[in-house]
Amino acid sequence: MTNDVTTPGIVAARIESDSYVENFDDVHKPLNSHEAFVAADRCYFCYDAPCVVACPTEIDIPLFIRQISTGTPKEAAKTIFAQNILGGMCARVCPTETLCEEACVREAAEGKPVEIGKLQRYATDKIMEEDVHPFQRGKDTGKKVAVVGAGPAGLACAHRLSLHGHKIDLFEARDKLGGLNEYGIAAYKTVNNFAEREVRWLLKIGGITPKLGMKLGKNLQLDDLQEKYDAVFLAIGLGGVNELSLEDENVFGVLNAVNFISELRQASELKAIPIGRNVVVVGGGMTAVDAAVQSKLLGAENVTIVYRRGLDQMSASVKEREHATSSGVRILTNLLPKKIIAKDGKLEEIVFAYAKSLNGKLEAGSEEVSLKSDQIFKAIGQTCDEIDNKINVPSQKVTTIEGGRIGDQNIWAGGDCSSEGEDLTVTAVAQGRDAAEDINRFLNHL
Amino acid sequence: MANLFSNFVGIKSPNPFWLASAPPTDKEYNVRRAFEAGWGGVVWKTLGLDPHIVNVNGPRYGAVWGADRRLLGLNNIELITDRPLEINLQEIKNVKRDYPDRAMIVSLMVPCEEAPWKEILPKVEATGADGLELNFGCPHGMSERGMGAAVGQVPEYIEMVTRWVKQTTRMPVIVKLTPNISDITYPAEAALKGGADAVSLINTVASITSVNLDSFSPEPSIAGKGSHGGYCGPAVKPIALNMVAQIARNNNTQTLPISGIGGVTTWRDAAEFLTLGAGNVQVCTAAMTYGFKIVSEMISGLSQWMDEKEIKTIDQVIGRALPNFTEWQHLDLNYITKAQIDQDLCIKCGRCYAVCEDTSHQAITSSINGQRGFEVIDAECVACNLCVNVCPVDNCITMRELQPGEIDTRTGLVVEEAYGSWLTHPNNPHRSAAE
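Bear in mind the structure is a predicted one, so any value in this text is a computation, not a measurement. (Residues numbered from 1 in each chain as written. Chains lettered and ligands numbered in written order. Predicted model: local features only at pLDDT ≥ 70, side-chain atom pairs only at ≥ 80, totals over all residues.)

Enquirer: Explain the overall build of chain B to me, please; I cannot follow it from the model alone.
Expert: When helices and strands are counted, chain B shows 12 helices and 22 strands. Taken along the three principal axes of its C-alpha coordinates, chain B extends 75 × 60 × 45 Å. Each of the 435 residues in chain B was classed as buried or not, and the buried ones make up 45%. (Helix = DSSP H or I, 4+ residues; strand = E, 2+ residues; numbered from the N terminus. Buried ≥ 20, exposed ≤ 12 C-beta atoms within 10 Å, placed from the backbone.)

Enquirer: What is the right way to look at the overall build of chain A in this model?
Expert: Across its full length, chain A holds 17 helices and 17 strands. Over its C-alpha trace chain A gives a radius of gyration of 23 Å, about what one expects of a compact globule, namely 22 Å for 446 residues. Projecting the C-alpha coordinates of chain A onto the three principal axes gives extents of approximately 65 × 55 × 50 Å. In chain A, 71% of the contacts between residues at least 6 apart in sequence involve partners at least 24 apart. (Rg over C-alpha atoms; globule rule 2.2 N^0.38 Å. Contact = placed C-beta atoms within 7 Å.)

Enquirer: For this particular structure, what's the right way to read the interface of chain B and chain A?
Expert: In many reports, interface size means the accessible area that the parts give up when they come together. Taken residue by residue, the interface counts 12 residues in chain B and 10 residues in chain A. Ranked by residue count, the leading element in the side of chain B that touches chain A is helix 11 (residues 351-359) of chain B, at three residues. A breakdown of the residues in the side of chain B that touches chain A according to their chemical character gives seven nonpolar, two polar and three charged. (Nonpolar A, V, L, I, M, F, W, Y, C, P; charged D, E, K, R; others polar.)

Enquirer: Just checking my understanding: could you explain the nonpolar core for this structure?
Expert: As a rule of thumb, nonpolar side chains are buried together in soluble globular proteins. Formed by 153 residues in total, the largest nonpolar core has its most connected members in Val147, Phe233 and Val281 of chain A. If you tally residues by element for this core, the top one is helix 17 (residues 425-443) of chain A, at eight residues. (Core = buried A, V, L, I, M, F, W, Y, C linked by C-beta atoms within 7 Å.)

Enquirer: Would you explain the packing of helix 15 (residues 286-297) of chain A against helix 16 (residues 318-326) of chain A in this entry?
Expert: Two quantities define a packed helix pair, namely the angle between the helix axes and the distance between the axes. All names here are of chain A. One way to put it is that helix 15 packs onto helix 16 with a least axis distance of 10 Å and a crossing angle of 20°. Between helix 15 and helix 16, the interaxial angle falls into the category roughly parallel. Our pair here, helix 15 against helix 16, has a crossing hand that is left-handed. Between helix 15 and helix 16, the contacting residues are Met286, Val289, Ala292 and Val293 on the first element and Glu320, His323 and Ala324 on the second. (Axes fitted to C-alpha atoms, helices over the stretch in contact; angles between N-to-C directions. Parallel < 35°, antiparallel > 145°, perpendicular 65-115°, else oblique. Left-handed = near helix turned anticlockwise from the far one by under 90°.)

Enquirer: Help me understand helix 9 (residues 116-129) of chain A in this model?
Expert: The α-helix advances 3.6 residues per turn, and as a result positions three or four apart in sequence lie on the same side. Residues and elements named next belong to chain A. The end-to-end C-alpha separation of helix 9 is 20 Å, in line with the 20 Å expected for 14 residues at 1.5 Å each. Most of helix 9 sits out of view: 11 of its 14 residues are buried. For helix 9, the complete set of buried residues consists of Ile116, Gly117, Lys118, Leu119, Gln120, Arg121, Tyr122, Ala123, Thr124, Ile127 and Met128. Looking one or two residues past helix 9, Asp131 carries a phi angle of roughly 55°, positive in sign. (Expected span 1.5 Å × (residues − 1).)

Enquirer: Sorry if this is basic, but what is going on with the sheet that holds strand 4 (residues 41-47) of chain B here?
Expert: Across a sheet, paired strands are connected by hydrogen bonds in the backbone, their directions being either parallel or antiparallel. Residue and element names in this part refer to chain B. The eight strands are arranged 3-4-7-8-9-10-15-16 in a closed barrel whose pairing can be described as parallel. The mean angle between the axes of side-by-side strands here comes to 25°, regardless of whether they run parallel or antiparallel. Of the strand pairs in this sheet, strand 3 (residues 17-19) and strand 16 (residues 278-283) are connected by three bridges, and their pairing is parallel. Bridged to Trp18 within strand 16 is Gln282. The strands that helix 8 (residues 267-275) touches are strand 3, strand 15 (258-261) and strand 16; relative to strand 16, the one it contacts most, it runs at about 145°. (Pairing = 2+ DSSP bridges.)

Enquirer: What is the right way to read helix 15 of chain A from this model?
Expert: Residue and element names in this part refer to chain A. The terminal C-alpha atoms of helix 15, which comprises 12 residues, lie 16 Å apart, in line with the 16 Å expected from a rise of 1.5 Å per residue. In terms of burial, helix 15 is largely enclosed, as 12 of its 12 residues are buried. The positive-phi residue at the C-terminal boundary of helix 15 is Gly299, with phi of around 110°.

Enquirer: Teacher, can you tell me more about the sheet that holds strand 2 (residues 144-148) of chain A here?
Expert: Residues and elements named next belong to chain A. The parallel open sheet is built from five strands, whose spatial order is 4-3-2-5-17. The two strands at the open ends of the sheet, each matched to only one other strand, are strand 4 (208-212) and strand 17 (411-413). Each neighbouring strand pair of the sheet contributes to a mean axis angle of 20°, computed without reference to strand direction. As paired elements, strand 5 (residues 231-234) and strand 17 share three bridges and run parallel to each other. Bridging across to strand 17, Val232 finds its partner in Ile411. Relative to strand 3 (residues 167-172), helix 10 (residues 152-163) is tilted by about 165°, and along the sheet it contacts strand 2, strand 3, strand 4 and strand 5. Against the sheet, helix 17 contacts strand 2, strand 5 and strand 17, and its axis sits at roughly 170° relative to strand 5.

Enquirer: It is not clear to me how unusual backbone geometry should be interpreted in this structure. Could you clarify?
Expert: As a rule of thumb, non-glycine residues mostly have phi less than zero, and peptide bonds are mostly trans rather than cis. All names here are of chain B. Omega for the bond connecting Asp50 with Pro51 falls within 30 degrees of zero, at -5°, which places this linkage in the cis form. Within the secondary structure, Pro51 is located in the loop between strand 4 and strand 5 (61-65). Residues Glu219 and Pro220 are joined by a peptide bond in cis, for which omega reads -5°. Examined against the element boundaries, Pro220 turns out to sit in the loop between strand 13 (217-219) and strand 14 (229-232). The phi dihedral of Lys348 is positive, around 65°, even though this residue is not glycine. With respect to the secondary-structure elements, Lys348 resides in the loop between strand 17 (337-341) and helix 11. Residue class for Lys348 comes out buried when judged on the 21 C-beta atoms lying within 10 Å of it.

What follows is the structure, given as structure tokens:
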């Protein structure tokens with residue numbers, strides 16, 4: 001091996017081949033049966049359980065945990081999938097510590113919530129390992145719906161519509177289904193091609209025809225869709241990435257974190273992915289953490305997350321942040337990116353100014369700090385691609401009414417491109433599912 | 001420092017913790033380990049006449065578990081000792097010789113005829129053992145052959161056999177009773193009439209712990225079939241406590257010393273048995289769950305509690321709760337309490353609400369000022385305390401006693417200071433006039 005963690009610049013193969021396998025293994029090991037029983041025993045079966053209220057898809061958590069504890073994990077999985085068809089992925093990627101597990105009364109009682117996420121994974125794995133699809137498609141209604149975007153929202157919507165017997169064409173701009181599950185989540189959260197397997201399993205419901213390489217506004221027009229289909233569901237995610245708006249931002253070494261993560265997820269060999277010796281990630285969300293931790297795992301020597309506000313304002317949860325720091329990532333806060341220093345078209349440093357808050361607005365102070373860097377990942381949020389001027393796009397996102405409908409047209413929207421809710425996988429699933437129900441009511445003139 | 005020394009019908013032991021007649025006391029090796037661990041005495045696993053009996057060669061135990069597979073109840077289909085009489089007698093002699101300060105009781109079960117008893121008793125006496133326990137309790141296997149519970153369920157047989165034994169031996173005789181009867185005081189009285197020095201109870205409860213839903217066989221399953229077994233462990237403690245207390249306060253049996261058995265797992269269980277009239281306790285399932293070492297906790301726990309209560313000797317504990325054990329008709333109906341929820345301790349699981357709303361008296365709210373929260377509605381609360389028992393947080397829900405003069409908002413009546421029971425209640429057609 002010629003490279004190691006101290007090799008200057010952006011190079012591949014900084015660590016031993018075996019280390020890649022180890023580093024990118026399941027970050028949270030699944031529970032075995034004994035562990036699942038012990039964990040399930042801790043659930044109090046609360047009345048009107050706060051965990052259910054905290055779950056965007058409102059999975060009946062006490063019921064599925066009781067089903068695990070009585071030795072019927074596949075029934076538990078059905079309880080989960082009935083509310084959230086991507087319950088398998090959500091079990092892996094949900095920030096449970098800010099959702100169900102934060103609400104768990106055991107958290108109040110002893111600071112140790114029931115391990116709901118892990119139990120959900122235990123149950124869903126049981127069915128998915130057997131490759132059994134627990135639902136049957138409803139009788140064909142003759143209605144056709146176009147679902148644009150095959151991420152969590154699109155998949156959830158398509159599945160629920162199919163359950164009601166409608167036919168779905170599922171359009172996807174990329175050459176694989178899954179959206180951010182496939183392209184945007186750290187590899188160690190979804191090992192062994194889980195995202196791909198989950199989509200294949202979901203499509204077993206039937207009635208859903210994937211159409212890849214179809215991008216709205218390019219080879220797909222909203223007008224046409226509205227005409228050809230009884231309803232349209234837009235789940236196109238956020239195609240754009242916010243810029244730092246600094247000079248030299250396009251210099252070699254400055255990349256969007258989402259592109260890095262996507263490249264990493266699609267790489268046939270992790271060893272071939274070049275990574276800097278000194279990596280700086282600008283941002284404070286889960287994408288920043290995913291990019292930073294994976295940089296470290298690829299063998300970067302120094303990885304720093306730099307966030308403009310305080311720790312407590314980072315959208316990455318405490319658990320995510322702890323995962324980053326325990327992986328060797330440094331987190332610096334209250335710093336605003338000020339200047340990129342490049343030499344001969346190559347990144348050398350990034351300079352930050354200490355941020356001052358004036359009436360809630362951040363301003364750059366006079367004190368500065370400079371970080372040596374071969375590579376910068378921008379993770380400061382994404383924006384909506386322009387969809388169509390027919391749709392009301394007052395801000396950056398599509399505004400919807402209840403049920404995800406846009407005005408009184410036969411268009412619905414959900415997922416990250418919607419103005420509603422947090423940009424979480426589980427929120428996208430809930431919106432896709434609920435839009436499907438609204439579309440179903442619309443199609444049946446209910 | 002409390003003195004745990006025990007003198008039970010003249011049988012002395014350094015503490016009141018004996019191992020009950022069961023697999024832990026089946027042979028010399030185990031009993032030596034038990035004494036090394038600190039047990040005050042053992043009741044050697046029941047001896048019978050040769051040819052010795054045999055056990056099944058499949059599983060002997062069925063179990064009931066609580067959370068995290070905590071063993072709550074154990075059932076067994078094991079019979080009395082399956083080793084030759086001579087070997088057992090020799091081993092008993094060896095152990096008693098080496099541990100003269102520990103109690104050595106020998107459990108016996110032979111056919112319900114005088115000759116076999118007369119034959120075995122001198123042999124046991126020759127071992128130097130301190131006493132006998134007559135196994136009239138075993139509810140499975142041996143009872144099919146007219147022994148064990150088959151004797152214990154017929155008071156006349158108990159009296160008859162006890163008399164034979166007392167006439168033949170100078171050793172103290174403890175009669176072990178089966179709970180598989182309708183009124184425990186009858187067999188206890190029979191034992192007393194037969195001349196028993198004491199009774200021990202309870203033996204195991206006839207039971208089926210579970211059914212295998214694949215093979216449709218009761219557990220433990222022997223080649224696809226199961227028979228009922230004897231149930232023991234923490235699950236049977238409440239049954240045992242009641243039976244011990246019934247004998248201890250019954251006019252006809254209250255002079256009879258009792259060795260308390262049934263689910264004793266901690267020092268606390270032991271103390272409870274003692275307070276309800278047991279002179280000592282016998283332990284089996286707890287040892288079979290955790291090993292002999294648990295006696296250390298029993299000794300230290302009981303000592304600490306006695307010190308805290310300034311109780312010097314075991315005798316001062318025995319029967320301490322008996323004056324407070326009465327019939328329902330004597331309970332004070334003017335004692336009025338209301339559940340109250342400590343909002344600082346409440347973790348808002350809502351279990352109290354679910355059970356009160358669904359299964360009781362609709363006396364708990366599920367919101368406080370529009371927020372999730374649980375509060376008792378005094379005007380509906382009958383003080384059943386179900387909420388206390390389902391609450392997962394210790395002491396979060398407690399029962400507050402209303403003081404005389406306060407108004408019970410449920411009935412609108414003023415709480416009376418005077419005692420008033422069913423016997424004087426106006427709804428009682430047989431009431432006696434209040435004095």
